[in-house]
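# Secondary and tertiary structure notes
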Amino acid sequence: MLFYFCFSNRDTASQERFRCLTNIFFRNAIGFILVFDLTNESSFLNVRQWLGDIESNVPFDRVNRILIGNKCDLSNERVISESRAQQFAAENNVKYIETSAALNINVIESIELLLNFVVDRHENEIISKHRTEKHIKLVQKPSKVKSDSSCCSFI
């Protein structure tokens, strides 16, 4: 099970020469956590680019994504409102949660949120596959049965 954590600094020290590496990681990922800093506008704006990168490398229905607004404890320095972040998340079909790594607020809950989405999607895929296989078996024509009698042995 592979998760890829996306941060605003692009995880490559913002160097374009390493950008191809992130695309390789995307292909095998089943979940993404996109984290932005609630006290930094450019951090929030970078999330749109990350979502574009994910969508161009991974089929939409194959991965789960959550958006995390970090530093919710710094309310005096906050520049991204909760309603703005929630609206952005809704427009991009991602779940949103706010955290504070410094005060350990919703850190575990955010990971559990993504894990629950991944497990639910995986279970639904298994159920769907099972139903499809069952349907195929019902639709298949029964095979011809050979008769043991000598008069029909040429069939």
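Fair warning: this is a prediction, and the values are worked out from it, not measured in the lab.

The topology assignment puts L34 in strand β2 (residues 31–37). Separated by 62 residues in sequence, L34 and Y96 have C-alpha atoms that sit 9.6 Å apart.

With that settled, consider helix α2 (residues 41–57). With 17 residues, α2 should cover 24 Å at 1.5 Å per step; its first-to-last C-alpha distance of 26 Å lies within 8% of that length. Of the residues making up α2, those classed as buried are S43, F44, V47, W50, L51, D53, I54 and N57. With its buried residues spanning 160° around the axis, α2 presents them on a single face. Opposite the packed face of α2, turned more than 90 degrees from it, sit the exposed residues R48 and S56.

A few words now on the packing of aromatic side chains. All told, the structure shown has 3 aromatic pairs when counted by the stated rule. Summarising the aromatic geometry, the rings of F36 and Y96 are spaced 6.3 Å apart at their centres and angled 20° between planes, so their arrangement reads as stacked. A residue pair is termed long-range when its members are at least 10 positions apart, and F36 in strand β2 and Y96 in strand β4 (residues 95–99) qualify at 60 residues. Since its relative accessible area comes to 16%, Y96 is described here as buried.

Take the nonpolar core next. With 21 residues, the main nonpolar core has F32, L34, F36, V47, L67 and Y96 as its most contacted residues. Elements with a minimum of two residues in this core: β2, α2 and α3 (82–91). Per-element accounting of this core gives the leading share, 5 residues, to α2. Beyond its immediate stretch of four places on either side in the chain, V47 contacts L34, F36, L67 and F88.

A few words now on unusual backbone geometry. Not every positive phi belongs to a glycine, and K71 is a case in point at roughly 75°. Mapped onto the elements of the fold, K71 is located in the loop between β3 (64–70) and α3. Not every positive phi belongs to a glycine, and N93 is a case in point at roughly 55°. With respect to the helices and strands, N93 occurs in the loop between α3 and β4.

Turning our eyes to something else, we now look at the confidence of the model for the chain. Mean pLDDT for the chain: 77, with 66% of residues reaching 70 or above. Across residues 1–11, where pLDDT falls below 50, the model places 43 contacts with residues more than four positions away in sequence or in other chains.

In the structure shown here, the tally under the stated rule is 3 salt bridges. Here D37 and K71 are joined by a salt bridge, their closest N and O atoms 3.1 Å apart. Of this pair, D37 sits in strand β2 while K71 sits in the loop between β3 and α3, and the two are 34 residues apart along the sequence. In this structure, E98 and R78 form a salt bridge, with 2.3 Å as the shortest nitrogen-oxygen distance. Of this pair, E98 sits in strand β4 while R78 sits in the loop between β3 and α3, and the two are 20 residues apart along the sequence.

Let us look at the packing of α2 against α3. Each pair of packed helices gets described by two things: the angle between the helix axes and the distance between those axes. Remark: α2 packs on α3, axes separated minimally by 12 Å, with the N-to-C direction vectors making an angle of 5°. Between α2 and α3, the crossing angle belongs to the class labelled roughly parallel. The residues of α3 that touch α2, namely those facing E41, F44, L45, V47, R48 and L51, are R84, A85 and F88. Looking at the contact of α2 with α3 residue by residue, the classes come out as 6 nonpolar, no polar and 3 charged.

About the cut-offs
- Residues numbered from 1 in each chain as written.
- Predicted model: local features only at pLDDT ≥ 70, side-chain atom pairs only at ≥ 80, totals over all residues.
- Heavy atoms only, no water.
- Helix = DSSP H or I, 4+ residues; strand = E, 2+ residues; numbered from the N terminus.
- Expected span 1.5 Å × (residues − 1).
- Buried < 20%, exposed > 50% of the residue type's maximum accessible area, 1.4 Å probe, protein only.
- Arc of directions from axis to C-beta.
- Phe/Tyr/Trp six-rings, centres within 6.5 Å; stacked < 30°, edge-to-face > 60°.
- Core = buried A, V, L, I, M, F, W, Y, C linked by side-chain atoms within 4.5 Å.
- Contact = heavy atoms within 4.5 Å.
- pLDDT = per-residue confidence, 0-100.
- Salt bridge = Lys/Arg side-chain N within 4 Å of Asp/Glu carboxyl O.
- Axes fitted to C-alpha atoms, helices over the stretch in contact; angles between N-to-C directions.
- Parallel < 35°, antiparallel > 145°, perpendicular 65-115°, else oblique.
- Nonpolar A, V, L, I, M, F, W, Y, C, P; charged D, E, K, R; others polar.

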